[in-house]
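# Tertiary structure, described
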Amino acid sequence: MRLSLLRSPLALIFSLLLTAFLSGCDSNQGDSANATSKQPTITVYTSRNEHLVKPLFEQYTAETGVKIRYITDEAGPLIQRLKAEGEATPADMLITVDVGNLWLAASLDLFQPLQSPVLEANIPATLRDPENRWAGLSVRARTIAYATDRVEPAELSTYEALADSSWNGRLCLRTSKKVYNQSLVASMIQSLGQAKAEQVVQGWVENLATAPYSNDNAAMEAVLAGQCDVTIVNTYYYGRLKKANPAAKMALFWPNQADRGVHINVSGAGVTKYAKQPQEAQKFLEWLSSTEAQGQFAEINQEYPANPAVPASAEVRSWGDFKADALNVEAAGRLQGEAVKLMDRAGYF
Ligand code: FE
């Protein structure tokens, strides 16, 4: 009974895997210039969308001849797939977003620790796993977006202040079920302590103008539609909104500038524990952290390069400078479970 129950999901996973490979996820298809059978092939599982990573995969192949096969999916299914495949996994690398996902993959022992002076030189320690199992490759800030026709920036100060009664009926939030706000609340637990963080989240819930939205775009649309005046979003969603609608009466505000700074998070990657090409995968990860690749890796999604030697794009810089929380982003992953429980207790769904 137990075996047959186990067998079918595993069979499904492996057949899906086979289908994915047979259906041609090879980024090098049709590009035979550098592809010789002598060159190694690395396999990447990525939860970053194809259009964000494919140009970099192609550039790397053009420069080195190393071929890159990839599968894209949501972070959760990719992590479960790696876990189910175990030693049999074809994946050499996992690229994903949010430290919550990177931390989960590391805690499930799906990455191998890397010895890489290159990564240590290119990526600040606060954006890397303290045990060297993953490295951040781009930075996104999770900050306040407000209606410029209804809010004076002087009314804003910190994430915590959005719990004040002056924001009653004026706040919109994305659901707590998604990793971004889990990481934000985890960072607040780390900085403020459990009790204070819970008080703040309760205040947010009391101030909500509407039920939480499924994503950051919907929360910003609600602000633009006048349902609420302020929300909390990842910067690149604001960038997309402004690109589509430059006249949108919305701006970003950088909170907590007098104390810990704005909550930042990363997209990042690690070499899988059972990589068949661990050295090639590490070299590719190091290349992604280089000045050569970082500008494009960040700019393509309007993020900040993780390598401080590389400037953000002019558009991203136009949103203004800010002090970022210097906490190691790993803490947000480590405290994610606590954050989820806290949000449940506070009635934030
Ligand atoms: Fe996102």
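Reference entry: report on the structure contained in this document. (Residues numbered from 1 in each chain as written. Predicted model: local features only at pLDDT ≥ 70, side-chain atom pairs only at ≥ 80, totals over all residues. Heavy atoms only, no water.)

### Focus on the environment of K276
Heads up, the condition is: Put simply, DSSP marks the helices as runs of H or I at least four residues long and the strands as runs of E at least two long, and each gets a number from the N terminus on. Each residue is assigned to one of three classes by its accessible area relative to the maximum for its type, calculated with a 1.4 Å probe on protein chains only: buried under 20%, partly exposed between the two thresholds, exposed over 50%. Contacts between residues were defined by any pair of non-hydrogen atoms, one from each residue, lying within 4.5 Å. Here a polar contact is taken to be a pair of N or O atoms separated by no more than 3.5 Å, where protein atoms must pair a possible hydrogen donor with a possible acceptor and residues adjacent in sequence count only if both atoms sit in side chains.
Within the secondary structure, K276 sits in the loop between β7 (263-271) and α10 (278-288). For K276, a relative accessible area of 49% puts it in the partly exposed group. Considering only alpha carbons, one finds K276 and T43, 233 residues apart in sequence, at a separation of 8.9 Å. If near-sequence neighbours (up to four positions away) are discounted, K276 is found in contact with E87, A88, T89 and D92. In terms of polar contacts, K276 uses its side chain to reach the backbone carbonyl oxygen of T89, at 2.7 Å.

### As for the coordination of the iron ion
To keep it simple, the criterion reads: As a rule, N, O and S atoms within 2.8 Å of a metal are its donors, except that Na, K and Ca use 3.2 Å; water is not among the atoms, so sites may look incomplete.
The protein atoms that coordinate the iron ion are Y180 (OH), Y236 (OH) and Y237 (OH), at distances spanning 2.0 to 2.1 Å. Counting the intervening residues between successive donors of the iron ion yields the motif Y-x55-Y-Y. Separated by 56 residues along the polypeptide, Y180 in helix α6 (residues 179-192) and Y236 in helix α9 (residues 235-244) bring together distant segments of the chain. The class of Y180 is buried, set by a relative accessible area of 10%.

### Focus: the packing of helix α2 (residues 50-64) against helix α11 (residues 291-299)
Note the threshold: Fitted lines through C-alpha atoms serve as axes, helices being fitted only where they are in contact, and the angles separating the N-to-C directions of these axes extend from 0 to 180 degrees. Convention used here: angles under 35 degrees read as roughly parallel, angles over 145 as roughly antiparallel, angles from 65 to 115 as roughly perpendicular, and any remaining angle as oblique. In a left-handed crossing the near helix is turned counterclockwise from the far helix by less than a right angle, and in a right-handed crossing that turn is clockwise. Note on residue classes: Ala, Val, Leu, Ile, Met, Phe, Trp, Tyr, Cys and Pro are nonpolar, Asp, Glu, Lys and Arg are charged, and everything else, Gly too, is polar.
Orientation of α2 relative to α11, taken along the N-to-C sense of each, is 160 degrees, at an axis distance of 10 Å. Taken together, the axis directions place α2 and α11 in an arrangement best described as roughly antiparallel. Crossing of α2 against α11: the hand is right-handed. Together, P55, L56, Q59 and E63 of α2 and E292, A293, Q296 and F297 of α11 make up the contact between the two elements. The residue makeup of the contact of α2 with α11, split by class, is four nonpolar, two polar and two charged.

### Description of the pattern of salt bridges
Should the charged atoms of two oppositely charged side chains come close, the side chains can pair. For clarity, the cut-off: Salt bridges are defined as contacts in which a side-chain nitrogen from Lys or Arg sits within 4 Å of a carboxyl oxygen from Asp or Glu.
What the rule picks out here adds up to 19 salt bridges. Between R174 and D216 there is a salt bridge, and its shortest N-O distance comes to 3.0 Å. Placement of the pair is R174 in the loop between β4 (135-147) and α6 and D216 in helix α8 (residues 216-224), with a sequence separation of 42 residues. Considered together, R174 and D216 belong to a single accessibility category, that of buried residues.

### Looking at the state of the cysteines
Quick note on the threshold: The rule for a disulfide is simple: a pair of cysteine sulfur atoms within 2.5 Å.
As enumerated under the stated definition, the model contains one disulfide in all. Disulfide pairing is shown between C172 and C228; the S-S distance is 1.9 Å. Looking down the S-S bond of the C172 and C228 bridge, the torsion is -105 degrees, so its handedness is left-handed. One end of the pair, C172, is in the loop between β4 and α6; the other, C228, is in the loop between α8 and β5 (230-234), and 56 residues separate them in sequence. The class of C172 is buried, set by a relative accessible area of 0%.

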